[in-house]
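Listed below, chain by chain, are the residues.
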Amino acid sequence: WSEKEKEFEETMRNEFDIVDVERNGDCLFTCAALHLKALESDGGAKMLAGLSRETRRKLALEVRAQVIALLLQSNLSMGIRAEIADSLQDALYGSRNDRTSKLLREEAQRRWGKQALSSPVSREKLRSQSAVELYASVMAQDGIFGERVELQILSILLAAPVHLFYFVNGHSPSLSNPTETLGGDKQGKPFLLLHSSRESHYQLLLNKEEDEAISPAYYLETPPRPKGWRKYLCNM
């Protein structure tokens, strides 16, 4: 499987410019930050490659803070609440032992008591605002991997669909044929991501023909940042 995934990634290099980012847990947010940077400056892969590591990290932290601010809004959709409930249920009562799951268990115990881990809480509680706040308190931390919930929030933040490309047997990806699309009702310039399950890593994809000059008319205006997002900045 890993060899086929490597071949898939090489195929993607023929279709797109791949902008690799640091493997530090912030890869999804760094990709989103660089996508926004490309929109704002009409730049491509060469421009993004010239950004310093510290600049990329700062931009990623800002995007993470904006995602958390949106996540904590009271009008969060039931669909995203259900995704959060699934993540919490897997972390609290499944066999996952990654860093995010460990932190979610610790936070659940701190907020809900030890019984939260020994006696499963209701599905209703896992979809509640207190559960969203528990989840967000962990996801706000620097170095925590963004998952499906964050992809959906990024689609809202960017007012654009997220086009995911990852290896699936029998699938031939192209610009018009991503492996999966999130936020397909959004009208902005698609946020293109290459995901490696082998490395649990995201990389930003840019259209080759747009590498040198991106037409500003193609993009919608960048949406305003959510109110109060700065208070979620960490390690700045």
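Placed above this text is the structure.
Residues numbered from 1 in each chain as written. Predicted model: local features only at pLDDT ≥ 70, side-chain atom pairs only at ≥ 80, totals over all residues. Heavy atoms only, no water.

A closer look at the nonpolar core
Inference 1: Grouped together as the largest cluster of nonpolar side chains are 59 residues, with contacts concentrated most on V63, L71, I84, W112, F191 and L193.
Inference 2: Ranked by residue count, the leading element in this core is helix α2 (residues 27-41), at nine residues.
Inference 3: Once you skip the residues sitting within four places of it in the chain, F191 turns out to touch L28, C31, A32, H35, L154, L158, P161, V162, H163 and L204.
Inference 4: Counting residues in each nonpolar core, the second largest holds nine residues, with M12, F16, F165 and F167 among its members. (Core = buried A, V, L, I, M, F, W, Y, C linked by side-chain atoms within 4.5 Å. Buried < 20%, exposed > 50% of the residue type's maximum accessible area, 1.4 Å probe, protein only. Helix = DSSP H or I, 4+ residues; strand = E, 2+ residues; numbered from the N terminus. Contact = heavy atoms within 4.5 Å.)

Structural notes on helix α4 (residues 53-71)
Inference 1: Over its 19 residues, α4 runs 27 Å from end to end, which matches the ideal 27 Å to within 8%, given 1.5 Å per residue.
Inference 2: Among the 19 residues of α4, 14 are classified as buried, and the element is accordingly described as predominantly covered. (Expected span 1.5 Å × (residues − 1).)

Some words on the packing of aromatic side chains
Inference 1: Enumeration according to the criterion identifies two aromatic pairs in this entry.
Inference 2: Measuring from ring centre to ring centre gives 6.1 Å for F8 and F167, while their planes differ by 65°; the resulting arrangement is edge-to-face. Residue F8 is found in helix α1 (residues 2-15), and its partner F167 is found in the loop between β2 (162-165) and β3 (180-182); the two are separated by 159 residues along the sequence. (Phe/Tyr/Trp six-rings, centres within 6.5 Å; stacked < 30°, edge-to-face > 60°.)

With respect to the state of the cysteines
Inference 1: Counted under the stated rule, the structure contains zero disulfides.
Inference 2: For the unlinked cysteine C27, the closest cysteine sulfur is that of C31, found at 6.3 Å.
Inference 3: Classification of C31 by relative accessible area gives buried; the value is 0%. (Disulfide = S-S within 2.5 Å.)

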